[in-house]
Amino acid sequence: MTDYFDSLRVFVVADDPLARSALINLLAPESGIVIAGQSAASRRLLPEIERAAPEVVLWDLGWNPESSLEFLRDLTIAGPPILVLLPDESSANAARSENLRGLLLRETSAEALLSALRAAAQGLFVLDPALMEAVLRTRPDIQRSPEEALTTREMEVLQLLAEGLSNKMIAARLQISEHTVKFHINSLMGKLGAQSRTEAVVRATRLGLIFL
């Protein structure tokens, strides 16, 4: 896998020590990944993170997120970006933090997790496709401007645009005509206020609509 950082410092948060160890064992051998620190969620977490100076925080909320959510919300916007691992879709709306930069399911692949950490460290918002609908229903900043929410099909086309697929390839992937693909692209570009496919992808990334 291509490295986007010479060294990416990651701080791992998880109440379950076994889950914490599993994440560290998964990340530590990866080239360019440095485990800056680890901790359970607590009132002492913020100073621990400040001392460790990570570039991104990986926070596993476990199977019972409620006990950690208040500590997640305590982290200030001045802190590092946070990538959260959720047990299921129902927890997506409760995971709130001023510097939250990503939501993934706990079952995500190692490759997707590594890519998401690097993207979050660059200030991008990373969203698991399985969580898309749950987040879109409740995030007013995504549902408005460009004043209209994208349809499910437009979201699919947008994701494939971000992956660099041509109209023909998108049509084959979604089993629709190229004409229909062009219609969806024109529609989503209009809703995003974009003048080109590239600008649409960039604007959608900033809004947190695209999973990298």
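Look up: the structure comes first, before these words.
Within every chain, residues take consecutive numbers counted from 1 along the sequence as written. With pLDDT at 70 or above as the cut-off, local features in this predicted model cover only qualifying residues; side-chain atom pairs require 80 or more to be listed or tallied, and sums for whole chains, interfaces and linings still use all residues. Values shown for side chains rest on all heavy atoms present in the structure; no hydrogens or waters enter the calculation.

1. Observations regarding the pairing of strand β3 (residues 56-60)
Right, on to step 1. We call a residue buried when its accessible area falls under 20% of the maximum for its residue type, exposed when it is over 50%, and partly exposed in between, using a 1.4 Å probe and counting protein chains only. The helix and strand labels rest on DSSP assignments: H or I over at least four residues marks a helix, E over at least two residues marks a strand, and numbering proceeds from the N terminus. With five of its five residues buried, β3 lies for the most part within the structure.
Right, on to step 2. What you see with β3 is no split at all: Val56, Leu58 and Asp60 on one side and Val57 and Trp59 on the other are buried throughout.
Right, on to step 3. Two strands pair when backbone bridges link them, and strand β1 (residues 8-14) and β3 are joined in this way by five bridges, in the parallel orientation. The residue of β3 that forms the bridge with valine 13 is tryptophan 59.
Right, on to step 4. A strand pair is defined by DSSP finding two or more bridges across the two strands. Summarising the sheet, β3 and strand β4 (residues 82-86) pair through four bridges and their orientation is parallel. Following the sheet pairing, aspartate 60 is matched in β4 by leucine 85.

2. Focus on the sheet that holds β4
Right, on to step 1. An order of β2-β1-β3-β4-β5-β6 is seen for the six strands of this open sheet, with the pairing classed as parallel. Of all the strands in the sheet, the pair left with one neighbour each is β2 (33-39) and β6 (126-127).
Right, on to step 2. Here five bridges tie β4 to strand β5 (residues 100-105), and the two strands are oriented parallel to one another. Paired with leucine 83 across the bridge in β5 is glycine 102.
Right, on to step 3. Any two residues whose heavy atoms approach within 4.5 Å are treated as being in contact. Helix axes are fitted to C-alpha atoms over the stretch in contact, other axes to C-alpha atoms as well, and angles between N-to-C directions run from 0 to 180 degrees. Relative to the sheet, helix α2 (residues 45-52) contacts β1, β2 and β3, its axis offset from that of β1 by approximately 165°.
Right, on to step 4. The strands that helix α4 (residues 110-121) touches are β1, β2, β3, β4, β5 and β6; relative to β3, the one it contacts most, it runs at about 135°.

3. Re helix α9 (residues 178-192)
Since the α-helix turns once every 3.6 residues, residues separated by three or four places project in the same direction.
Right, on to step 1. Expected helix span is taken as 1.5 Å per residue step, with the number of steps being one fewer than the number of residues. The end-to-end C-alpha distance of α9 is 21 Å, a good match for the 21 Å that 15 residues give at a rise of 1.5 Å each.
Right, on to step 2. All buried positions along α9 are accounted for by Val181, His184, Ile185, Leu188, Met189, Lys191 and Leu192. Looking down the long axis of α9, one finds its buried residues gathered within 160° of arc, a one-sided arrangement. Facing away from the buried side of α9 by more than 90 degrees, the exposed set consists of His179, Phe183, Asn186 and Gly190.
Right, on to step 3. If you follow the buried residues of α9, they end up packed against α7 (152-162), α8 (167-174) and α10 (197-207). Throughout, the arc means that of the directions going from the helix axis to the C-beta atoms.

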